[in-house]
Amino acid sequence: MEGEEDYGFSEEEDYYYADDGDSHDGLADNDDSALQWAPPKGSTTKVITKESLLAAQREDLRRVMELLSLKEHHARTLLIHYRWDVEKLLAVLVEKGKSCLFTEAGVTVVENVDDDAPLSSSSTITCDICIEDASADTATRMECGHCFCNNCWTEHFIIKINEGQSRRIQCMAHRCSAICDEAIVRNLVSRRHPNLAEKFDRFLLESYIEDNKMVKWCPSIPHCGKAIRVEEDEFCEVECSCGLQFCFSCLSEAHSPCSCLMWERWSKKCHDESETVNWITVHTKPCPKCYKPVEKNGGCNLVSCICGQSFCWVCGGATGRDHTWSRIAGHSCGRYKEDREKQTERAKRDLYRYMHYHNRFKAHTDSFKLESKLKESILDKVSVAEERELRLKDFSWVTNGLNRLFRSRRVLSYSYPFAFYMFGEEFFKDEMTDEEREIKKNLFEDQQQQLESNVEKLSMSLEEPFQQFSQDKVMDIRMRVINLSVTIDTLCQKMYECIESDLLGSLHLGTHHIAPYKSKGIERASELSSCWNTKLGSTDEYLPSGNLSLNLF
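Small disclaimer: the values here were computed from a predicted structure and weren't measured.

**Brief notes about the packing of aromatic side chains**
Counted under the stated rule, the structure contains 19 aromatic pairs. Each ring, one from W266 and one from Y421, has its centre 6.4 Å from the other, and the planes form 85°; the classification is edge-to-face. Highlighted residues: W266 in helix α9 (residues 260–271) and Y421 in helix α13 (residues 396–422), separated in sequence by 155 residues. The exposure class of Y421 is buried, given its relative accessible area of 2%. Among the aromatic residues, those joined into a cluster by ring pairs are W263, W266, Y354, Y357, F361, Y414, F420, Y421, F427 and F428. Looking at R202, its charged tip hangs above the ring of F203, at a distance of 5.8 Å from the centre. Between the NZ or CZ atom of K269 and the centre of the ring of Y354, over which it lies, the distance is 5.4 Å.

**A few points about the sheet that holds strand β1 (residues 46–48)**
Read across the sheet, four strands follow the order β6-β7-β1-β15 without closing on themselves; strand pairing throughout is mixed. The open sheet has two free edges, formed respectively by β6 (215–217) and β15 (526–527), since each of these has just one partner strand. Pairing analysis gives two bridges linking β1 to β15, with the strands arranged parallel. By the bridge assignment, V47 is partnered in β15 with E527. Against the sheet, helix α8 (residues 194–210) makes contact with β1, β6 and β7 (227–229), and its axis sits at roughly 105° relative to β6, the strand it touches most.

**Overview of the sheet that holds strand β9 (residues 245–247)**
One open sheet holds the three strands; their spatial order is β9-β8-β14, and the pairing between them is mixed. At either end of the open sheet lies a strand with only one pairing partner, and these are β9 and β14 (523–524). Where strand β8 (residues 237–239) and β9 come together, three bridges link them in antiparallel fashion. Bridge pairing links V238 to F246 in β9.

**Regarding the pattern of salt bridges**
The tally for this structure, following the rule as stated, stands at 21 salt bridges. Of the charged contacts, one joins R76 and E72 as a salt bridge, the two residues approaching to 2.9 Å between their closest N and O atoms. With R76 and E72 both in helix α3 (residues 72–81), this residue pair falls four residues apart, about one helical turn. A salt bridge links R76 to E182; the shortest N-O distance between them is 2.5 Å. Here the residue R76 occupies a position in helix α3, and E182 occupies one in helix α7 (residues 182–192), the gap between them amounting to 106 residues.

What counts, and where the lines are drawn
- Residues numbered from 1 in each chain as written.
- Predicted model: local features only at pLDDT ≥ 70, side-chain atom pairs only at ≥ 80, totals over all residues.
- Heavy atoms only, no water.
- Phe/Tyr/Trp six-rings, centres within 6.5 Å; stacked < 30°, edge-to-face > 60°.
- Helix = DSSP H or I, 4+ residues; strand = E, 2+ residues; numbered from the N terminus.
- Buried < 20%, exposed > 50% of the residue type's maximum accessible area, 1.4 Å probe, protein only.
- Lys NZ or Arg CZ within 6 Å of the ring centre and 35° of its normal.
- Pairing = 2+ DSSP bridges.
- Contact = heavy atoms within 4.5 Å.
- Axes fitted to C-alpha atoms, helices over the stretch in contact; angles between N-to-C directions.
- Salt bridge = Lys/Arg side-chain N within 4 Å of Asp/Glu carboxyl O.

And the structure:
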């Protein structure tokens, strides 16, 4: 389904219904308390562009650098190891201590200045890789203490970068897990392959997205070149600044209240040929000669395939023309084959159950697409109504009601795939008894039917030609739309609470998470500022300057 942003209604409009200075009976307390709009809070979901990617990365780097008094490349090594999860990094620090934290990530912090001093200009070392002597200016010692010639280091770095391991290039020494200094890597590689050095820098920057579970590329096609960062829960639905709404966890279309696994199975079920095969199993039988499926189109149980073979529809066995109500030549089909009968009945039952949920899912999906075309006609009706000399001047309740209709219709659509798997046997066969499953099914379907009924009422109300009605009738429609919007919002909240607490919550399973319900719709991510504080002391030398114009996306 397309995102709600396509219809041009601002999230800030939701739930604001002007009172026009008059008191209207029938709204009770909803008009002032439940529906009064409040200024929106700043979005916690951020859009990261190639201009703001470095700034986003430096936010986390700065926290770790200041806390542990580290250089930037050490902080980056720690964060890449812990997938840019600062909270997890701090938890390991508290639980295991700094030494264990550094060892697990491959960070070597030199405490003794002499060990980190450059080689004497007159000294010569023997490289343990190529077994050749190298002067001090042609060899490099890493912070772990291992020293090899620059040619061997460069070859090592080039191989690792080309293999896609540039985010964590380990020392060449045997059994040394220390991560090489990125400044040394960049310096040596750039002498021989400047383009490869730029690739190395790009990989380091993109690590913030590729290795960070809270940051993901927008799955738009064609790719908009932006990434989305969430702050708290990765199981959520977000809207990129390009307008695409998607599930942050699985990167498919927004599908709540379906879990990601449920939606993956449902999409596959709807798009592949599994149900076609199921229909063929139920309604046809294979020819015993050519094995092509044959459908019976008459009452007689003697059927003929296009290949010329005759066979018995009752048992599927080949036969000649001697086929009457009392005798079938060459075989008997009077024996009961229990397994075959059970398989046929099971196939029929599964097919009819799938058709039940799929038809309703498709009906609401189609309604969503048709109702999305109401925008122009709604705006036209509002324009006509505003030109009339009516006491009611504010028609924001119309667009707000339409927004509520889109959101609730989407929830209703995806509630059917959820129900298909929730009360089927594919996921929760051993988690509930038949009695428990029936009780939960009735509970969910009662809420689903209430929501469905009110959504249809709201749809009918919005389609009425209110621009032609009298003042009093317009007021009645306004009250109806407002009250239905509040009711539908409440029913959606209750359905999600039922799913989280009574259905999925009671099963104690961690594989099915649903994005939380948001009354104002899917949150639109805001742009992350590309500015940052460059006062990082001695760490500026590790900034991959000059490469910010890379085509990172």
